[in-house]
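# Observations on chain architecture
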Amino acid sequence: MFWIFLIAVTVVLPITIQVLSIPEDKRIQEIKKIEALTELERVKQENYLLENKEMRKELEKIREENQLYLENTDSKWLINKTTIPEFEKANQTEKNSDK
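Residues numbered from 1 in each chain as written. Predicted model: local features only at pLDDT ≥ 70, side-chain atom pairs only at ≥ 80, totals over all residues. Heavy atoms only, no water.

## Remarks on the overall build of the chain
To keep it simple, the criterion reads: What counts as a helix is a DSSP run of H or I of at least four residues, what counts as a strand is a run of E of at least two, and both are numbered from the N terminus. The rule is simple: take the accessible area with a 1.4 Å probe, protein chains only, and divide by the maximum for that residue type; under 20% is buried, over 50% is exposed, in between is partly exposed. The accessible surface values rely on the Shrake-Rupley method and a 1.4 Å probe; as for residues, cover is taken only from the protein chains in view.
From N to C terminus, the chain includes two helices and zero strands. Considering the chain as a whole, with its 99 residues, one finds that 1% of them fall into the buried category. When the accessible surface of the chain is split by element, carbon and sulfur atoms take 63% of a total near 10,000 Å².

Here it is, written out as structure tokens:
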């Protein structure tokens, strides 16, 4: 009888340990997933900031070019500067924040 019990314990014990370790493995995988998502979000935010800097530089170049065209009276451009209130407000806000 003791032998049967001993064989049953040696067979059931490793299976039980493996079944009990499954939630721990899932937790480790969740932690790795969260770390990967955190890193991805950090990279996204860094990329967003870099894009904004580059877009601001491009916008400034376009504004300078437009200013040169507007100052030139015999320009080939037929369109004059249009005023859009939203852009003017944004422009003033940028100038105020730069100071």
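## Some words on the pattern of salt bridges
Applicable threshold: Here a salt bridge means any side-chain nitrogen of Lys or Arg lying within 4 Å of a carboxyl oxygen belonging to Asp or Glu.
Counted by the stated rule, this structure contains five salt bridges. For R42, the salt bridge is made with E39, and the minimal N-O distance between the two is 2.6 Å. Of the two residues, R42 and E39 are both situated in helix α1 (residues 2-71); the distance of three residues between them amounts to about one turn of the helix. Under the relative-accessibility criterion, R42 is labelled partly exposed at 41%. Among the ionic pairs, R63 bridges to E60, the shortest N-O distance being 3.2 Å. Here E60 and R63 lie together in helix α1, a separation of three residues that amounts to about one turn. Here the salt bridges do not stand alone but share partners, grouping E39, R42 and E46 into one network.

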